[in-house]
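# Tertiary structure, described
One letter stands for each residue in the lines below.
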Amino acid sequence: MTDVLDGPTDAGELVIPSVDVGPEGQAVGWRHRHLLDVDDLSIDDIDLVMRTADAMREVLARPIAKVPALRGWNVTVLFYEASTRTRVSFEVAAKNLSADVVNVAAATSSVTKGESLVDTVRTLEALGAQMLVMRHSVSGAPYLAAEVFGGSVLNGGDGWHAHPTQALLDLYTMRSRLGSVAGKKVVILGDVLHSRVARSNIWSLTAAGADLWLCGPSTLLRGFEAWARRGAGGVQARRFHVTSSVDDALRDADVVMALRIQRERMASGLLPSLREYAARYGLTAQRLTAAKPGALVMHPGPMNEGVEIAADVASGVQSVITDQVTNGVAIRMALLYLLAGAAK
Amino acid sequence: MTDVLDGPTDAGELVIPSVDVGPEGQAVGWRHRHLLDVDDLSIDDIDLVMRTADAMREVLARPIAKVPALRGWNVTVLFYEASTRTRVSFEVAAKNLSADVVNVAAATSSVTKGESLVDTVRTLEALGAQMLVMRHSVSGAPYLAAEVFGGSVLNGGDGWHAHPTQALLDLYTMRSRLGSVAGKKVVILGDVLHSRVARSNIWSLTAAGADLWLCGPSTLLRGFEAWARRGAGGVQARRFHVTSSVDDALRDADVVMALRIQRERMASGLLPSLREYAARYGLTAQRLTAAKPGALVMHPGPMNEGVEIAADVASGVQSVITDQVTNGVAIRMALLYLLAGAAK
Amino acid sequence: MTDVLDGPTDAGELVIPSVDVGPEGQAVGWRHRHLLDVDDLSIDDIDLVMRTADAMREVLARPIAKVPALRGWNVTVLFYEASTRTRVSFEVAAKNLSADVVNVAAATSSVTKGESLVDTVRTLEALGAQMLVMRHSVSGAPYLAAEVFGGSVLNGGDGWHAHPTQALLDLYTMRSRLGSVAGKKVVILGDVLHSRVARSNIWSLTAAGADLWLCGPSTLLRGFEAWARRGAGGVQARRFHVTSSVDDALRDADVVMALRIQRERMASGLLPSLREYAARYGLTAQRLTAAKPGALVMHPGPMNEGVEIAADVASGVQSVITDQVTNGVAIRMALLYLLAGAAK
């Protein structure tokens, strides 16, 4: 076992267990410099992320959940949208790896002075940023950042486009409960149209062989039917299902993931009232009985309890929503670790 | 001397001196998991906090004011109200104990997306929070948090209800100057009605045997006369005085603590103008002469100089306001240390 | 080589190379407790900052860009104005020296409750701040802070008055490219009137013997002609040039520094439209041909590309704008190090 950094480990701290490391110290098989979406990850890549996350779960279970893997690294967290869980998850993940974390919240920074994204990214790199975690309301913004940034860009959510760390933690959570998702019926329920979580999950879940179903009001599924028929990446074997029928979707499901309804979408006319949405698409205990016994209940958070998910379902025995959050830290530690290894 | 954590201490750093530690490494006698208010602290508990704070003052006096007691602990600071001194005080206290600190300011986080407090607390725990320092505008909010949080909750101020770390640092400051507060006349002057500082101080000062006087305009003392007659906790021995007469209150006082007048209260009609308030209840050098020579002047901050306290009094030789701030760091270090020991 | 702190260095970390250190561990020759402006720095002081920054550049080039020089020091960053680059630069500099950094953004803190600056500074000191980095919209605010603060105040920009770390990093950047600025023609182009960057640069560049030219619309040069004739500090040898002619300014220039046009100045009537400003004073590739071949292009950032500087010039081969940012970290590390040594 070798650390990704040459430096000595702190006394009393162990290095990360059970990740294979090559002669140059890099994690074997990881070749990506950035994590922009899951669509360009092979199933081997995904497996490596999952195995590395297993190692990170072991670290998190220690009395002192801290390893020196990224000691002295500068991880800059640049968020153009408000966030608690994703921002804190990356921050905790980086600190658990002993990195120095710099937070830049765009709303309270001179980014609001009208500086271009490219300038901001170049400036942060010149200030020492080696890993750039980024959330932006514009789809594709992290791709632009990756073009000019000399280190690694991690997409923490861009517009409606992608939220790759969320998709990876979702898959990790399913696997740790179900063993494998191949052939398992996984339902994503809700406002698919505006959801970067749904889009990234399409890539990873079809890659992993899940029987994926997207369900919601037809106005919130526009364009997904054609995608479903082509399959993810235009690959026939990676087709999935799209339906407005909650009954069809939930029947014998192994996993049901409810998506957040964003109240600001109401104004668009795409959604009925919140009350009507809850009545027709909300994940209630009654509806959940149509799924397999013990089917997993998931939600990317933050929840509107009583709207897209009933409070008793969210905190019920089938819910793994809290696991998702904890696994999110492990997944982000794994990704920071793998990307740092590739950068070296 | 043993550290609360099994891990090795950093080279060259000493562990905290002079706190008694039992065979399991816990601080002897501390049994509380949370610090929500001072009303359930026994006088022995309070004494233990004070003795531990003495040890922390020794740490603060070192060239490098840092000990490894909470190395690897995640202390999350969740503030729903703006604050400088309390937020920074907890942050510095936690860092002095080598903890990792995560700041979540509700105004700039997705907490504003309408996520419930319970969800936020559960999420922060799943993200790794082991100690949760919390300020909230709603009285009782930290109690709700403590019901669902698996670690320790420290109340950093909730509505008008309680501010226990402030009361403990106030008591510590008085004791370090006066030896003991038993039988000493302590006056709290100002807007008692809206003050969580006053409410928490009632519990700790009567427990410590002080001769406590609350003084202010009668509109800002409503309900306190009845409480004063019953005594804190309904205990006759812990009765205190309530008066609108500044003369009666200040006469031969050992300690005078002025409370902040919040300008936004003006609209409520409970207060006269600021000018009239200053004239009738402001702590001036002239008024202070009624107190004992050398009586201590205190204020929880931030001050409105010229309103509830005159600038020359605030910075005068009797003022211990700066001591309060420094002692606040020591008290919060002590509480984090004791709660961490109890959690183990 | 001895560290400024007595404490042991972390295993595997080296101390800062090549700064001369006296028998008491202090940097030889540095006598300032605060850094408020460059106007009271001697040329020897400036040379020492530059040499120390050279050492810090070596640290920044290491795999782990971290030294224990300020281990256990509390560096508090108090910003009353939004900022990304300066705030992050100080934060990274302090963390590279292993200091603990406390961020206080006035807009989101109780500073907005109306507490006076003096109270805030006293409170931060009582909370443990040993170095106070400060940005304020009011010229002179850091001088007031320095009067009451027991540690070191570093001015991170005050109103139109001064931005000393910017001037020092500008000079450092010029020197590292040109060897010396003595006799070199340096042009500062743009809104000189509202620029603290320009004001601080007048002091350091004339001290270093540069042939300094200020250029911009005459409405934005008011008062500078008289200053130019007197010379900086009233010293004849430190006179400089002021002109509204871009042709005169740029002819045979060695360095051209464009200043940010702040859009909010438009309302003042002092500026033509942005379009007209760009046409008449914007630094374009065409205009730059009047300067010496290979003349350096600089900008303090953030840039309005297409207004005061053309995009192709900003990212062209003559641009050292990114160097300025990186050198800014080295300069701030040097200053924190020197001030810490003087405090000891």
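Residues numbered from 1 in each chain as written. Chains lettered and ligands numbered in written order. Predicted model: local features only at pLDDT ≥ 70, side-chain atom pairs only at ≥ 80, totals over all residues. Heavy atoms only, no water.

Along the backbone of chain A there are twelve helices and nine strands. Counting every position in chain A, which comprises 344 residues, the buried fraction comes to 61%. Considering only contacts in chain A between residues 6 or more positions apart, those separated by 24 or more positions represent 74%. With an accessible surface of roughly 12,000 Å², chain A has 51% of that area assigned to carbon and sulfur atoms. (Helix = DSSP H or I, 4+ residues; strand = E, 2+ residues; numbered from the N terminus. Buried < 20%, exposed > 50% of the residue type's maximum accessible area, 1.4 Å probe, protein only. Contact = heavy atoms within 4.5 Å. Areas by Shrake-Rupley, 256 points an atom, 1.4 Å probe, with all protein chains shown as cover.)

We now examine the sheet that holds strand E6 (residues 211-215) of chain B. Residues and elements named next belong to chain B. An order of E7-E6-E5-E8-E9 is seen for the five strands of this open sheet, with the pairing classed as parallel. Sheet topology places strand E7 (241-243) and strand E9 (296-298) at the edges, where each strand pairs with a single neighbour. Strand-to-strand twist in this sheet, taken as the mean axis angle between neighbours without regard to direction, amounts to 20°. Each of strand E5 (185-189), strand E8 (255-258) and E9 touches helix H5 (residues 164-178); the most contacted strand, E9, lies at about 165° to it. Sheet strands in contact with helix H6 (residues 196-207) are E5, E6 and E8, and its direction is about 165° off that of E6. (Pairing = 2+ DSSP bridges. Axes fitted to C-alpha atoms, helices over the stretch in contact; angles between N-to-C directions.)

Helix-helix packing is described using two parameters, namely the angle between the two axes and the distance between the axes. All names here are of chain A. Two elements in contact, helix H5 (residues 164-178) and helix H12 (residues 321-343), have axes whose closest approach is 8 Å; the angle formed by their N-to-C orientations is 115°. At the point where H5 passes H12, the crossing takes the right-handed sense. Contacts between H5 and H12 involve Thr 165, Gln 166, Leu 168, Leu 169, Asp 170, Tyr 172, Thr 173, Ser 176 and Arg 177 on the former and, on the latter, Asp 323, Gln 324, Asn 327, Gly 328, Ile 331, Arg 332 and Leu 335. Among the residues making up the contact of H5 with H12, the classes are represented as five nonpolar, seven polar and four charged. (Left-handed = near helix turned anticlockwise from the far one by under 90°. Nonpolar A, V, L, I, M, F, W, Y, C, P; charged D, E, K, R; others polar.)

If you look at the biggest cluster of nonpolar residues, it comprises 118 residues, and the most contacted ones within it are Leu 70, Val 75, Leu 168, Leu 214, Leu 283, Ile 331 and Leu 336 of chain A. Discounting residues that sit within four places of it in the chain, Leu 168 of chain A has contacts with Leu 35, Val 38, Leu 41, Ile 46, Val 49, Met 50, Ile 331 and Leu 335 of chain A. (Core = buried A, V, L, I, M, F, W, Y, C linked by side-chain atoms within 4.5 Å.)

Residue and element names in this part refer to chain C. Interaxial distance between helix H3 (residues 117-126) and helix H4 (residues 141-148) falls to 9 Å at its minimum, and their mutual angle equals 50°. It follows that H3 is oblique to H4 by the angle criterion. As H3 runs across H4, the sense of the crossing is right-handed. Across the interface between the two elements, Leu 117, Val 118, Val 121, Arg 122 and Glu 125 of H3 pack against Ala 141, Leu 144, Ala 145 and Val 148 of H4. A class-by-class count of the residues in the contact of H3 with H4 yields seven nonpolar, no polar and two charged. (Parallel < 35°, antiparallel > 145°, perpendicular 65-115°, else oblique.)

Read from one edge of the open sheet, four strands run E2-E1-E3-E4 (chain B), paired in parallel fashion. Among the strands making up the open sheet, the edge pair consists of strand E2 (100-105) and strand E4 (152-158) of chain B. Neighbour-to-neighbour, the strand axes of the sheet open up by a mean angle of 15°, direction not taken into account. Summarising the sheet, strand E1 (residues 74-79) of chain B and E2 of chain B pair through six bridges and their orientation is parallel. The partner of Phe 79 of chain B across the bridge, within E2 of chain B, is Ala 105 of chain B. Most of the contacts of helix H2 (residues 85-96) of chain A go to E2 of chain B, to which it runs at about 170°, and overall it touches E1 and E2 of chain B.

What follows is about the environment of Met 50 of chain B. Residues and elements named next belong to chain B. Here Met 50 shows up in helix H1 (residues 43-60). In this structure the C-alpha to C-alpha distance between Met 50 and Tyr 277, which are 227 residues apart in sequence, comes to 35 Å. The residues touching Met 50, leaving out its near neighbours within four places in the chain, are Leu 168, Leu 171, Tyr 172, Arg 175 and Ile 331.

Here we take up helix H1 (residues 43-60) of chain A. Residue and element names in this part refer to chain A. Relative to the 26 Å expected for 18 residues at 1.5 Å per residue, H1 spans 25 Å between its end C-alpha atoms, a close match to the ideal helical length. Among the residues making up H1, those that are buried are Asp 45, Ile 46, Leu 48, Val 49, Met 50, Thr 52, Ala 53, Ala 55, Met 56 and Val 59. Those residues of H1 that are buried lie in contact with H5, helix H6 (196-207) and H12. (Expected span 1.5 Å × (residues − 1).)

Attention now moves to the side chain of Ser 83 of chain A. By the secondary structure assignment, Ser 83 of chain A is in the loop between strand E1 (74-79) and H2. A polar atom in the side chain of Ser 83 of chain A sits 3.4 Å from the backbone nitrogen of Thr 86 of chain A. (Polar contact = N/O pair within 3.5 Å; in protein donor to acceptor, adjacent residues only side chain to side chain.)

Quick look at the pattern of salt bridges now. All names here are of chain B. With the rule as written, the count across this model stands at 30 salt bridges over all chains. The salt bridge partner of Lys 292 is Asp 254, with a shortest N-O separation of 3.0 Å. Pair noted here: Lys 292 is in the loop between helix H10 (285-288) and E9 and Asp 254 is in the loop between helix H8 (246-250) and E8, with a separation of 38 residues, a long-range link. Accessibility expressed as a relative area gives 36% for Lys 292, which makes it partly exposed. (Salt bridge = Lys/Arg side-chain N within 4 Å of Asp/Glu carboxyl O.)

It is worth spelling out the environment of Arg 177 of chain B at this point. Residues and elements named next belong to chain B. Mapped onto the fold, Arg 177 is located in helix H5. A relative accessible area of 47% means that Arg 177 is categorised as partly exposed. Residues Arg 177 and Ser 42, spaced 135 residues apart in sequence, show a C-alpha to C-alpha distance of 22 Å. If near-sequence neighbours (up to four positions away) are discounted, Arg 177 is found in contact with Leu 296, Val 320 and Asp 323. Polar side-chain contacts of Arg 177 include one of 2.5 Å to the side chain of Asp 323.

Next up on the list: the packing of aromatic side chains. The full count for this structure, using the stated rule, is twelve aromatic pairs over all chains. A centroid spacing of 5.9 Å and a plane angle of 80° characterise the contact between Trp 227 of chain C and Phe 240 of chain C, whose relative ring orientation is edge-to-face. One end of the pair, Trp 227 of chain C, is in helix H7 (residues 224-230); the other, Phe 240 of chain C, is in the loop between H7 and strand E7 (241-243), and 13 residues separate them in sequence. Lying across the ring of Trp 213 of chain A, Lys 185 of chain A places its NZ or CZ 4.2 Å from the centre. (Phe/Tyr/Trp six-rings, centres within 6.5 Å; stacked < 30°, edge-to-face > 60°. Lys NZ or Arg CZ within 6 Å of the ring centre and 35° of its normal.)

The subject of this paragraph is the pairing of E4 of chain B. Residue and element names in this part refer to chain B. Of all seven residues that make up E4, seven are buried, and the element is covered over most of its length. Inspection of the sheet shows strand E3 (residues 131-136) paired to E4 by five bridges, in the parallel sense. Bridge pairing links Leu 132 to Val 153 in E4. In this fold, the crossover linking E3 to E4 by way of helix H4 (residues 141-148) has right-handed handedness. (Right-handed = clockwise from strand over helix to strand, strands pointing away.)

Quick look at the confidence of the model for chain A now. Residue and element names in this part refer to chain A. Averaged over every residue, the pLDDT of chain A is 90; residues scoring 70 or more account for 89%. The low-confidence segment residues 1-14, where pLDDT is below 50, has 42 contacts with residues more than four positions distant or belonging to other chains. Interface scoring of the predicted complex returns ipTM 0.90; its pTM is 0.92. (pLDDT = per-residue confidence, 0-100.)

Attention now moves to unusual backbone geometry. Look at the link from Gly 301 of chain A to Pro 302 of chain A: it is a cis peptide, with omega at -10°. Looking at the element boundaries, Pro 302 of chain A is found in the loop between strand E9 (296-298) and helix H11 (311-314). Positioned with a positive phi, Ser 98 of chain C is a non-glycine residue whose angle comes to about 70°.

This paragraph deals with the side chain of His 194 of chain B. Residues and elements named next belong to chain B. Here His 194 lies in the loop between E5 and H6. Here His 194 falls in the buried class, since its relative accessible area comes to 8%. In this structure, His 194 is in contact with Trp 160, Arg 199, Leu 220, Arg 265 and Leu 270, ignoring residues within four places of it in sequence.

A word on helix H9 (residues 274-281) of chain C. Residue and element names in this part refer to chain C. Inspection of H9 places Tyr 277, Ala 278 and Tyr 281 among the buried residues, and these make up the whole buried set. All buried residues of H9 fall inside an arc of 105° around its axis, so they share one side. Opposite the buried face of H9, at more than 90 degrees from it, the exposed residues are Arg 275 and Ala 279. Tucked inside the fold, the buried residues of H9 contact strand E5 (185-189), strand E6 (211-215), helix H8 (246-250) and helix H10 (285-288). (Arc of directions from axis to C-beta.)

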